Amino acid sequence: MKLIIQVISFGIVCYSLILVVLYFFQDKLLFFPGPTPFGDCPEMEQHNARAETVGDIRYYLKTKSDPDSWIVVFHGNAGNACDRTYFLDLLKDFNSNLVVFEYPGYGKDLNAPGEPIFLKQALELILHIKRKDHKQLPVYLMGESLGTGVATFIATQTDIKGLILISPYTSIAQVAQHHYFWLPVRFLMKHKFLAHTWAGQTRTPTILFHGINDDIIPIHFARQQILNFKGEKELIEIPDCGHNDIIDTGGKILQQKIRKFFDLNAGKGFNG
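Here the structure is a predicted model, which means the values were calculated and not measured. (Residues numbered from 1 in each chain as written. Predicted model: local features only at pLDDT ≥ 70, side-chain atom pairs only at ≥ 80, totals over all residues. Heavy atoms only, no water.)

A. Structural detail: the environment of F209. Within the secondary structure, F209 is located in strand β7 (residues 206-211). As a C-alpha pair, F209 and I164 span 45 residues in sequence and 8.0 Å in three-dimensional space. (Helix = DSSP H or I, 4+ residues; strand = E, 2+ residues; numbered from the N terminus.)

B. Seen up close, unusual backbone geometry. In this model, K108 sits at a positive phi of 65 degrees, which is unusual for a non-glycine residue. Within the secondary structure layout, K108 lies in the loop between β4 (96-102) and α5 (115-132). A relative accessible area of 56% means that K108 is categorised as exposed. (Buried < 20%, exposed > 50% of the residue type's maximum accessible area, 1.4 Å probe, protein only.)

C. Structural detail: the sheet that holds strand β3 (residues 69-74). Read from one edge of the open sheet, eight strands run β1-β2-β4-β3-β5-β6-β7-β8, paired in mixed fashion. The open sheet has two free edges, formed respectively by β1 (50-54) and β8 (233-238), since each of these has just one partner strand. The average angle at which neighbouring strand axes cross in this sheet is 20 degrees, direction not considered. Where β1 meets strand β2 (residues 57-62), five bridges bridge the pair, whose relative direction is antiparallel. (Pairing = 2+ DSSP bridges. Axes fitted to C-alpha atoms, helices over the stretch in contact; angles between N-to-C directions.)

D. Looking closely at the state of the cysteines. Inspection of every chain in the model, using the stated rule, returns one disulfide. Between the sulfur atoms of C41 and its disulfide partner C82 the distance amounts to 2.0 Å. Its S-S torsion of approximately 90 degrees makes the covalent link between C41 and C82 right-handed. With a gap of 41 residues between them, C41 in the loop between α2 (26-30) and α3 (42-46) and C82 in the loop between β3 and α4 (85-90) connect regions that are remote in the sequence. We note that C41, like C82, is buried. (Disulfide = S-S within 2.5 Å.)

E. Structural view of the packing of aromatic side chains. In this structure the tally under the stated criterion is 13 aromatic pairs. Judged by centre distance (5.3 Å) and plane angle (65 degrees), the ring pair of F31 and F118 falls under edge-to-face. Taken together, the positions of F31 in the loop between α2 and α3 and F118 in helix α5 put the pair 87 residues apart, joining distant regions of the chain. F31 sits in the buried class, given a relative accessible area of 4%. An angle of 65 degrees between the planes, with centres 5.3 Å apart, marks the rings of F94 and F262 as edge-to-face. Of this pair, F94 sits in the loop between α4 and β4 while F262 sits in helix α11 (residues 246-266), and the two are 168 residues apart along the sequence. Summarising the burial analysis for this pair, F94 and F262 share the class buried. Feature note: the residues F31, F74, F101, Y103, Y106, F118 and F193 constitute an aromatic cluster, connected by ring pairs. (Phe/Tyr/Trp six-rings, centres within 6.5 Å; stacked < 30°, edge-to-face > 60°.)

F. Geometry of a negative patch on the surface. A surface patch of negative charge is lined by D40, E43, E45 and D83. Here D83 shows up in the loop between β3 and α4. What makes D83 partly exposed here is its relative accessible area of 39%. (Patch = residues over 30% accessible without salt bridge, like charges linked within 9 Å, V, L, I, M, F, W, Y side chains within 5 Å. Areas by Shrake-Rupley, 256 points an atom, 1.4 Å probe, with all protein chains shown as cover. Salt bridge = Lys/Arg side-chain N within 4 Å of Asp/Glu carboxyl O. Lys, Arg positive; Asp, Glu negative; His and termini not counted. Charge placed at Lys NZ, Arg CZ, Asp CG, Glu CD.)

Below, the structure is given as structure tokens:
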């Protein structure tokens with residue numbers, strides 16, 4: 001009996017230590033900035049995208065001579081905006097100004113990455129774009145993985161023409177709980193990214209894309225998340241691809257469906 005008590009006590013101590021480590025190191029488990037300093041990006045330069053800084057806000061911008069819209073990209077949790085030239089390739093045939101936002105704490109920024117500062121600067125970026133655009137062109141937001149929650153939040157704060165979400169989730173806390181089912185992760189997380197709550201606060205037209213074989217954000221999260229949006233919505237399930245190859249495998253599908261999405265929304269006065 002004494003041995004059993006000792007084993008249980010040891011197990012409780014180990015479990016408690018795991019919880020402590022998880023809580024204090026959770027930022028390192030969620031945010032993976034790349035080593036490239038913002039602006040030091042030959043890949044973006046080759047795509048004719050220039051680095052822009054407005055106060056603390058940083059982004060890459062590729063403009064068209066006579067655009068009819070803006071598309072602002074919020075990328076995933078790993079790497080930097082510099083790594084996302086594949087979005088410029090994906091959207092090259094759209095007559096849109098393209099913006100790829102650099103998260104604070106990424107691109108060798110001195111801020112600590114985190115949900116509050118992500119959402120704050122992302123909203124400031126959209127408001128900045130709207131202020132500088134005298135033509136008041138429609139603004140579409142494209143989110144990738146972690147960025148789908150950021151884009152969804154912005155749609156609750158200002159008028160957006162449409163949301164394009166690639167590998168969306170209900171909340172980062174729920175995704176983490178799925179992977180660490182044996183730990184009370186959702187109660188420990190500081191950066192929950194409650195995308196399901198934000199989805200219920202907007203009627204912005206939304207199109208969602210998800211790889212059927214995604215094992216990082218399993219597709220059932222997208223199937224749950226689409227139900228939370230209140231406006232027009234569509235979920236495109238892409239076969240034979242997972243989380244990191246969705247654009248390589250499903251690029252043509254994304255282009256066709258996004259084009260149709262733009263065409264359907266072009267004539268509508270509704271803007272968010």
